[in-house]
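# Secondary and tertiary structure notes
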Amino acid sequence: MIKPASIVGYCASVFIALVVAAAFWGLAEQAQELSWSAFNDPYLWRVLRFSIWQALLSASLACIGGVAIARAWFYLQPKSIIWQLRLANLCFVSPVILVVLGCVGSFGINGFWQQISPFSWKIYGLPGILIAHCFLNMPLIARYCYLQYNDIPASYWRQAKQLGFSQWRSWQIIEWPMLRSRLAGLFGLVFLLCFGSFTIVLALGGGPKSTTLEVAIYQALRYDFDPLFALQCAVLQLLIAVSLGWLLLGREQQEAKRIQQNILVQHQLSKTQRRLHQVMVMGYYLFIGSILLGILSPLSQLNWQQLPWDKWFNGIGWSLLIALQSTLWVVILGGAILWQYSSNIVKQRRMLAGRGQELLASIMLLAPAMVITTGLFFLLISRADINAYTAPLVALINALMSLPFFIRSLKPALSDAIKQYAKLNQSLDLPAFSQLHLIYWPLIRRPLALAISLCMVLSLGDMGVIALIGSVDVVTLPLLLYQQLSTYQYALASATGLIMLLLCTVIFYLLELTLGRHHVKHL
């Protein structure tokens, strides 16, 4: 007899598969006019080359900087490391349009760095894209590499000290072999995220020379209405993203089992080495602080007498409506998949189906959001008034984008709780509701609050989907901010960015205060 958990989990997976199949069906309907000769377009291949090139550079710079910061954290062991790791998480989930505003405010032609520097440079084009991508992804890589450093057994460091290893020798023999497998997966993940980057390239690209496939899809559908060219870009992006995604997942499965280090090792550093690590950390926070300061610096030029309150309230309303709908979808779909996952752990079943479901839930990492959006756009535009479905459709696609983060945020805590208390529950013969209410809920409510906060902020800060299929009436805060940036209203854009920051802060605070305040640690 099939258990309710399996029924619910499979229903969620079937629903995700149907949405993806509908998007591919919309692409396939347009593919009737597609031929191999259609790909002989020099502009298309130029866009593809730039998409790959900027993603390679972005991922490489983020990895180099992230490893350097993680190494400095590990050797210095600052007392505020927990807060620094939390800041790294917040940088990764920051609304992308705010990062764009920060880059323009700090490194743009009127930015404070250009004002104090004897040199001038252009923020628009490849430099601006690389700066924004590094802000989003370098802290993520630094965080995970630091955790990997902590997994190096203490015996390795004691032997290195006995053998008199230098810093370079320790890097060759100990650090790099332990980082290599994790870094390969992180590089692939960041490459996929940068390859599918939309908002950053749209706002900071600076013209046809700095256009990626996602931006080309948007321009082809929104301005030229050239479905054939949009389909060509979508097909190429899908093929490359799926191929790299499979390589990434294969690398993750081969990753060695982590070894917990229980003994804190004190590393003896020379004065020069300590200064070097401190300079790296200071440079990292100077870079992060510059972007944050760039978001707020244009506020000094704001005309406080003429503020667009009606546009702000309208943007807040649409942003919250879409974010709440998206979060509801995430909780329903992610909760169903995690329920089946927890049931499989309790019953000690094979997890092959569970891995397939998790892969399906991460479909937006393999098939970028713009590809799915394009397919659904083609499917609906000939059958219905797409403007009538703008908000629900944007919420659904944002939910699929947030679903991998929701599942991966809750999965470790849920797995630990079940493995620790499953046998106790069986011996006491507790009903399922009592198990959830008395045992599991206190343990997972804080990770759940964090996961929901991340999903709401990701949905609230997304601009790619709403920019493609949005109507004139549906204007969210990110879209309003982009419109203000496009018309060089930097002071108004900074005020809109401040509202977004306050809104994200309130979301994190309220969910932590209500849902996550009674968190209980494992016994």
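Let us now look at the nonpolar core. Ranked by size, the top nonpolar core spans 166 residues in total, and within it Trp-73 and Phe-406 carry the most contacts. Broken down by element, the residue count for this core peaks at 17 residues, all from helix H17 (residues 390–428). Every residue in contact with Phe-406, bar those within four places of it in the chain, is listed here: Val-330, Val-331, Gly-334, Gly-335, Leu-338, Leu-448, Ala-451, Ile-452 and Cys-455.

Attention now moves to a positive patch on the surface. A contiguous patch of positive charge on the surface is contributed by Arg-46, Arg-49, Lys-122 and Lys-209. Its relative accessible area of 68% is what places Lys-122 among the exposed residues.

We describe a pair of aromatic rings using the distance from one ring centre to the other and the angle between the two ring planes. Within this structure, the stated rule accounts for 19 aromatic pairs. Pairing Trp-73 with Tyr-284 gives two aromatic rings, centres 5.9 Å apart and planes at 90°, and the pair type is edge-to-face. Here Tyr-284 lies in helix H12 (residues 271–296) and Trp-73 lies in helix H2 (residues 42–76), a separation of 211 residues in the sequence. One exposure class covers both Trp-73 and Tyr-284, and it is buried. Aromatic pair Trp-309 and Trp-312: ring centres 5.2 Å apart, planes at 90°, arrangement edge-to-face. One end of the pair is Trp-309 and the other is Trp-312, both in helix H13 (residues 309–347) and three residues apart, which spans about a single turn.

Under the 1.5 Å per step criterion, the end-to-end length of helix H16 (residues 369–381) is 18 Å for 13 residues, consistent within 8% with the ideal 18 Å. Judged by how many residues are buried, H16 sits mostly within the fold: eleven of 13 residues are covered. By the burial criterion, the buried members of H16 are Ala-369, Met-370, Val-371, Ile-372, Thr-373, Thr-374, Gly-375, Leu-376, Phe-377, Phe-378 and Leu-379.

Another aspect to go through is H12. With 26 residues, H12 should cover 38 Å at 1.5 Å per step; its first-to-last C-alpha distance of 37 Å lies within 8% of that length. Listed as buried for H12 are His-277, Val-281, Tyr-284, Phe-287, Ile-288, Ser-290, Ile-291, Gly-294 and Ile-295.

Once that is clear, we can look at the packing of helix H4 (residues 96–107) against helix H20 (residues 477–486). Contact geometry of H4 with H20 gives a least axis separation of 9 Å together with a crossing angle of 25°. Comparing the axis directions of H4 and H20 gives the class roughly parallel. For H4 against H20, the interelement crossing comes out left-handed. Across from Ile-97, Leu-98, Val-100 and Leu-101 in H4, the residues of H20 making contact are Pro-478, Leu-481, Tyr-482 and Leu-485. A per-class count over the contact of H4 with H20 returns eight nonpolar, no polar and no charged.

With that settled, consider the side chain of Ser-453. Tracing the chain through its elements places Ser-453 in helix H18 (residues 432–461). According to the relative accessible area criterion, Ser-453 is buried, its value standing at 2%. In this structure, Ser-453 is in contact with Ile-507, Phe-508 and Leu-511, ignoring residues within four places of it in sequence.

This part takes up a nonpolar patch on the surface. Where nonpolar side chains cluster on the molecular surface, the patch consists of Val-506, Tyr-509, Leu-510 and Leu-513 and spans about 380 Å² of accessible area. The residue Val-506 is located in helix H21 (residues 490–514) in this model.

What follows is about the confidence of the model for the protein. Interpreting fine coordinate detail is not advised for predicted regions of low pLDDT. In this model, the protein carries a mean pLDDT of 81, and residues with pLDDT of at least 70 account for 87%. Scored below 50 in pLDDT, residues 250–263 makes 20 contacts in the model with residues more than four places away or belonging to other chains.

A few words on the pattern of salt bridges. Tallied over the entire structure, the rule returns two salt bridges. Across the salt bridge formed by Glu-175 and Arg-71, the nearest N and O atoms sit 2.7 Å from each other. Of the two residues, Glu-175 is situated in helix H8 (residues 167–195) and Arg-71 in helix H2; the sequence distance between them amounts to 104 residues. The exposure classification of Glu-175 matches that of Arg-71, with both residues buried. For Glu-512, the salt bridge goes to Arg-446, with nearest N and O atoms at 3.5 Å. Taken together, the residues span a long stretch of sequence, with Glu-512 in helix H21 and Arg-446 in helix H18 at a distance of 66 residues. When its relative accessible area of 33% is taken as the criterion, Glu-512 is described as partly exposed. Classification of Arg-446 as partly exposed rests on a relative accessible area of 35%.

When two helices pack together, you describe them by how their axes are tilted relative to each other and by the distance separating the axes. Running from N to C, helix H1 (residues 4–30) and H16 point in directions that differ by 65°, and their axes come no closer than 7 Å. Comparing the axis directions of H1 and H16 gives the class roughly perpendicular. The crossing of H1 and H16 is left-handed. Packed against H1, whose contacting residues are Val-19, Val-20, Ala-22, Ala-23, Trp-25, Gly-26, Leu-27, Glu-29 and Gln-30, the element H16 presents Val-371, Ile-372, Thr-374, Gly-375, Leu-376, Phe-378 and Leu-379 at the interface. For the contact of H1 with H16, the residue count by class is eleven nonpolar, four polar and one charged.

The next thing to look at is unusual backbone geometry. Negative phi characterises most residues that are not glycine, and trans characterises most peptide bonds. Its identity is not glycine, yet Gln-77 carries a phi of approximately 50°, on the positive side. Mapped onto the fold, Gln-77 is located in the loop between H2 and helix H3 (81–92). For Gln-77, a relative accessible area of 28% translates into the label partly exposed. Positive phi, close to 60°, is recorded for Tyr-488, a residue that is not glycine.

About the criteria used
- Residues numbered from 1 in each chain as written.
- Predicted model: local features only at pLDDT ≥ 70, side-chain atom pairs only at ≥ 80, totals over all residues.
- Heavy atoms only, no water.
- Core = buried A, V, L, I, M, F, W, Y, C linked by side-chain atoms within 4.5 Å.
- Buried < 20%, exposed > 50% of the residue type's maximum accessible area, 1.4 Å probe, protein only.
- Helix = DSSP H or I, 4+ residues; strand = E, 2+ residues; numbered from the N terminus.
- Contact = heavy atoms within 4.5 Å.
- Patch = residues over 30% accessible without salt bridge, like charges linked within 9 Å, V, L, I, M, F, W, Y side chains within 5 Å.
- Areas by Shrake-Rupley, 256 points an atom, 1.4 Å probe, with all protein chains shown as cover.
- Salt bridge = Lys/Arg side-chain N within 4 Å of Asp/Glu carboxyl O.
- Lys, Arg positive; Asp, Glu negative; His and termini not counted.
- Charge placed at Lys NZ, Arg CZ, Asp CG, Glu CD.
- Phe/Tyr/Trp six-rings, centres within 6.5 Å; stacked < 30°, edge-to-face > 60°.
- Expected span 1.5 Å × (residues − 1).
- Axes fitted to C-alpha atoms, helices over the stretch in contact; angles between N-to-C directions.
- Parallel < 35°, antiparallel > 145°, perpendicular 65-115°, else oblique.
- Left-handed = near helix turned anticlockwise from the far one by under 90°.
- Nonpolar A, V, L, I, M, F, W, Y, C, P; charged D, E, K, R; others polar.
- pLDDT = per-residue confidence, 0-100.

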